[in-house]
Amino acid sequence: MSKASRIPVTSEDPLVVLSGVNKHFGSLHVLRDIDLTVARNEVVVLIGPSGSGKSTLCRTINRLEPIDSGTITIDGRPLPAEGRGLARLRSEVGMVFQSFNLFAHKTVLENLTLAQLKVRKRSKAEAEKKARELLARVGLADQAPKYPAQLSGGQQQRVAIARSLAMDPKVMLFDEPTSALDPEMINEVLEVMRSLAVEGMTMVVVTHEMGFARSAANRVVFMADGRIMESRTPEEFFDNPETDRAKDFLSKILKH
């Protein structure tokens, strides 16, 4: 995939800003003074060893994890602590998890229309039209009447992505979206994510898929021990990592 076809990204147009963010789980300091800015249309891939704080960082952006100190703003507005403001914010921040979190007792189509009807207050016809367009976009136009259990893992994850997109989010968060999938299904999900990147969706992605990081990211953020150790273009990071931690991580992961 050539990056030339991309929507240009300018750092003067920040969409997500984390400043001095700290987070503890008990005595464990999992995020240490995190400063991170994600520009509009930018794809930021978070990588690093297990336990480095990547998933926690991703989950603070829509307040699934509250923070102990620091600030997070989305589109210039601080994250609300709770209540209606938080619900509204969550509809603007799409989230795709390792597990697909689909409603098992609802059809694929119903999974995609539910939040549109309840949160976006769209008409049933409008919500279904949007749902069908998005199912076609992720290659699942014919799966609308099925239930999640009738789909493969890769199909379920693509439905989960379509469901998030149905809310017209400003930014999409992906927390290891392929780690629960069989190897042959991983690519079908990454292809959908690559196409979103080309279309200019702002994305923060936690992943172990280094090929995706190389081909789809504008920037790779390497974390270790709750800190951001490097934040660079994929070419710079993979070809010439600056820190010993990153060199060690890459030597282990790229050998396989």
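Below: a short report on this structure. Note that this is a predicted model, so its numbers are computed, not measured. (Residues numbered from 1 in each chain as written. Predicted model: local features only at pLDDT ≥ 70, side-chain atom pairs only at ≥ 80, totals over all residues. Heavy atoms only, no water.)

**As for the packing of helix H5 (residues 153–165) against helix H6 (residues 183–199)**
Contact geometry for H5 and H6: axes closest at 8 Å, N-to-C directions at 20 degrees. Between H5 and H6, the interaxial angle falls into the category roughly parallel. Considering only the axes of H5 and H6, their crossing is right-handed. Two secondary-structure elements touch here, H5 through Gly153, Gly154, Gln155, Gln157, Arg158, Ile161 and Leu165 and H6 through Met185, Glu188, Val189, Val192, Met193 and Leu196. (Axes fitted to C-alpha atoms, helices over the stretch in contact; angles between N-to-C directions. Helix = DSSP H or I, 4+ residues; strand = E, 2+ residues; numbered from the N terminus. Parallel < 35°, antiparallel > 145°, perpendicular 65-115°, else oblique. Left-handed = near helix turned anticlockwise from the far one by under 90°. Contact = heavy atoms within 4.5 Å.)

**Regarding the side chain of Gln116**
Mapped onto the fold, Gln116 is located in helix H3 (residues 108–118). By relative accessible area, Gln116 is classed as buried at 0%. Of the polar contacts made by the side chain of Gln116, one reaches the backbone oxygen of Leu112; its length is 2.9 Å. Of note is the side chain of Gln116, whose polar atom sits 2.8 Å from the side chain of Arg122. Apart from residues no more than four positions distant in its own chain, Gln116 is found in contact with Lys121, Arg122, Glu126, Ala127, Lys130, Ala131, Ala166 and Met167. (Buried < 20%, exposed > 50% of the residue type's maximum accessible area, 1.4 Å probe, protein only. Polar contact = N/O pair within 3.5 Å; in protein donor to acceptor, adjacent residues only side chain to side chain.)

**Quick look at H6**
Every α-helical turn comprises 3.6 residues, leaving residues that sit three or four positions apart pointing alike. Compared with the 24 Å implied by 1.5 Å per residue over 17 residues, the 26 Å span of H6 between its first and last C-alpha is a close match. Met185, Ile186, Val189, Leu190, Val192, Met193, Arg194, Leu196 and Ala197 are the residues of H6 that are buried. In the stretch just after H6, Gly200 is the one whose phi turns positive, near 95 degrees. (Expected span 1.5 Å × (residues − 1).)

**Considering unusual backbone geometry**
Not every positive phi belongs to a glycine, and Arg63 is a case in point at roughly 65 degrees. By the element assignment, Arg63 lies in the loop between helix H1 (54–60) and strand E4 (69–74). Under the relative-accessibility criterion, Arg63 is labelled partly exposed at 22%. With a phi angle near 55 degrees, Asp225 is a residue other than glycine that sits in the positive phi range. With respect to the helices, strands and loops of the structure, Asp225 is situated in the loop between strand E9 (219–224) and strand E10 (227–232). For Asp225, a relative accessible area of 47% puts it in the partly exposed group.

**Considering the pairing of strand E2 (residues 28–39)**
Consecutive residues of a regular strand have side chains that alternate between opposite faces of the sheet. Where strand E1 (residues 14–25) lies against E2, 8 bridges are found, and the strand directions are antiparallel. The residue bridging Val21 from the neighbouring strand is Ile34, located in E2. Between E1 and E2, which follow one another and run antiparallel, lie 2 residues, and Gly26 among them has a positive phi close to 65 degrees. (Pairing = 2+ DSSP bridges.)

**A short note on the packing of aromatic side chains**
Going through the model one piece at a time under the given rule, you end up with 3 aromatic pairs. Note on Phe237 and Phe238: the rings are 5.3 Å apart at their centroids and 75 degrees apart in plane angle, and the pair reads as edge-to-face. Considered together, Phe237 and Phe238 belong to a single accessibility category, that of buried residues. Ring pairs connect the aromatic residues Phe222, Phe237, Phe238 and Phe249, which therefore count as one cluster. (Phe/Tyr/Trp six-rings, centres within 6.5 Å; stacked < 30°, edge-to-face > 60°.)

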